[in-house]
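Residue-level structural notes
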Amino acid sequence: MITALSPAVRVEGVSKWFGSVVAVNDVSFDVYPGVTGILGPNGAGKTTLLSMMCGLVRPSRGGVRVLGEEVQGNISLYRRIGVMLEHDVLYPFMTGRDFVRLAARLQGMDDEAAVDRAIHAANLEDAQNRPTGTYSRGMRQRIRLAGAIVHEPEVLILDEPLNGTDPRQRVEFSDFVARLSKEGKAILISSHILEEVEALADRILLVVSGKLAASGDFHAIREKLDERPFQVRIGASKQREMAAALVALDSVESVSLDENGNVEVLTRNVAELQRMAPKLAQDIGSRLYRIEPLDDSLESVFSYVVQR
Amino acid sequence: MIAALFILALRQAVTRRKIALLIVLAFLPLGLAVILDSTVAEGGTLIGPVLGGLVISVTLPITVMVLATSAFGNEVEDRTLSLLTTKPVPRWTIVLSKFAASVVVAAPLMAVVAAVITMMDPDGVGNAPVAAAIGVVVGVVAYASAFTWLGLLTTRALGFGLVYVLLWEALITSFLSGTRYLSIRSYIFGTAHGLNDQAFGEDLTIAMTPALVGAALVTVVFFLLTTRRLSRMDIQ
């Protein structure tokens, strides 16, 4: 039984390297009941971290305890853990129901009602008797989820669970996860999409380049992310006059000219820049061609947090 | 639980492509036996060149290799292995199910082929077809255990398996008599010879007891190695 006081998952000084490549570097954190999001760009080490939490990958250093027990080689612990990994894998010759039934059998359960409940939770009653080879990506995700929850685990580890789902399925999934969270289960969800995690998780673990860059309340971290300066490229005539006018704005941190004569602006307030740039161009008689963000990628957001 | 794993392994083993390949491998020596049947009338034999030279030395190990190396190899490649290893299932039961599925598919097929070829030979009298079939089953079991391990160990299991079969089993153990105690092919001949010493000559054979002990040792050792490997490997 997990409680709000004892961590459902404890990761202690975990590192993992594959040859000379360090996938995870000295990461420590605790996961408590509720929804915890593991957020990071592709290749950040999220899947390796989750695989170590599932006992599928052995840490090169450090250890992982789930529900107070060492996870590595602890086969009986899988009665209390539900796992859905990122890879979109199923047995194509099986129907959806057969797949969930197999998951139940391998949990030592001979309970068709549990299979019904899991399929209902995944909202796949209508398609349950079709071969999974005919499923859409979203349906495949949901039947794998049904397989992961059929034994009603205390800890649920879901790697990129919303891949391939449509907006309606995302809403349903959010409701489903919220329900499990209220039941006191610990749910770990990884994603590289900020908004996905925002919609689901109470707490986040921000992983960048194999390291834990930040952890804690989602909203506090989101605020920190929103404070970061953005780089914007402005194409205009009279570039030097335009640069001089832009640097006078309070929100602009720096201005430079690139090799093509465009003005590159570092600003903390993109909205103000978008509002003021046309006005400034008009004032100095410059023609404005374009305003484009240069670094709105998730990687740049994460890099900023790491640098902080 | 073991039954569910076994049925899954069996369904994975009997894909259309594999069945087609197995039928070709099985009918190739039978076809050759029919063609060579005329030489039998002139004092030739089918047991030596067809059963020994083709079935036991080539098609049997290749048939088992195709099935057993893919038992884990395909699961590692398509990443379905994690579906099993994140369940509270002892690793040895997963290995047993894969191993048993390979044996259940390959053993009857190869035993029938061996028995039919032996029956076509004038020397294949008495219990010779049964002896050939039992010898072949012993070989299937030993090969299945070794190739299941190889399939989990490397993604190039078929290549390594072919080198082992053609170099070690078919070539080296034919010329260096001392190495026959380490040859699955010799365990097959030894078993068949022990059951019928008239149909199966003494060349290339060892006595039945060391043959059976050797086959059992190979089976158990590789079974344990596969279980150990599955318990310790990183599954991505």
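Okay, so let's go over this structure.

Definitions and cut-offs
Chains are numbered independently. Their residues run from 1 in the order of the written sequence. For this description, chains carry letters from A and ligands carry numbers from 1, given in the order in which they are written. Local features in a predicted model are, by the rule used here, given only for residues with pLDDT of at least 70; side-chain atom pairs are given and counted only at 80 or more, and totals for whole chains, interfaces and linings are based on all residues. Strands are runs of DSSP state E lasting at least 2 residues, helices are runs of H or I lasting at least 4, and numbering of each runs from the N terminus. We compute the radius of gyration over the C-alpha atoms and compare it with the globule rule, which gives 2.2 Å times the number of residues raised to the power 0.38. The burial criterion counts other C-beta atoms lying within 10 Å of a residue's C-beta, which is placed from the backbone; the residue is buried at 20 or more, exposed at 12 or fewer, and partly exposed between these limits. What counts as a contact is two residues whose backbone-derived C-beta atoms lie within 7 Å of each other. Throughout, an axis means a line fitted to C-alpha atoms (over the contacting stretch in the case of helices), and angles, computed between N-to-C directions, take values from 0 to 180 degrees. Oblique is the label for every angle not falling under 35 degrees (roughly parallel), over 145 degrees (roughly antiparallel), or within 65 to 115 degrees (roughly perpendicular). For a crossing to be left-handed, the near helix must be turned anticlockwise from the far one by less than a right angle; the clockwise case is right-handed. Under the scheme applied here, ten amino acids are nonpolar (Ala, Val, Leu, Ile, Met, Phe, Trp, Tyr, Cys and Pro), four are charged (Asp, Glu, Lys and Arg), and all others, including Gly, are polar.

This part covers the overall build of chain B. Helix and strand content of chain B: nine helices and zero strands. Overall, chain B shows an N-to-C arrangement of helices and strands of α-α-α-α-α-α-α-α-α. Compactness check: chain B gives a C-alpha radius of gyration of 18 Å against a globular reference of 18 Å for 236 residues, within 12% of the reference. Reported as C-alpha extents along the three principal axes, the dimensions of chain B are approximately 60 × 35 × 30 Å. A total of 236 residues make up chain B; the buried ones form 51% of that total. Taking all contacts inside chain B whose residues are at least 6 apart in sequence as the whole, residues at least 24 apart take part in 78%.

Let us look at the packing of helix α6 (residues 128-153) of chain B against helix α8 (residues 184-195) of chain B. Residues and elements named next belong to chain B. One way to put it is that α6 packs onto α8 with a least axis distance of 8 Å and a crossing angle of 155°. As far as their axial angle goes, α8 and α6 are roughly antiparallel. As α6 runs across α8, the sense of the crossing is right-handed. Contacts between α6 and α8 involve Ala 131, Ala 132, Ile 134, Gly 135, Val 136, Val 138, Gly 139, Ala 142 and Tyr 143 on the former and, on the latter, Ile 184, Tyr 187, Ile 188, Phe 189, Thr 191, Ala 192 and Leu 195. Per-class residue counts for the contact of α6 with α8 are 13 nonpolar, three polar and no charged.

Residues and elements named next belong to chain B. Two elements in contact, α6 and helix α7 (residues 157-175), have axes whose closest approach is 9 Å; the angle formed by their N-to-C orientations is 140°. It follows from the interaxial angle that α6 and α7 lie oblique. In this structure, α6 meets α7 at a crossing whose hand is right-handed. Taken together, the residues of α7 that come into contact with α6 (itself represented by Phe 147, Leu 150 and Gly 151) are Ala 157, Phe 160 and Gly 161. Partitioned by chemical class, the residues of the contact of α6 with α7 number four nonpolar, two polar and no charged.

By themselves, these figures tell us nothing about what the structure is for.
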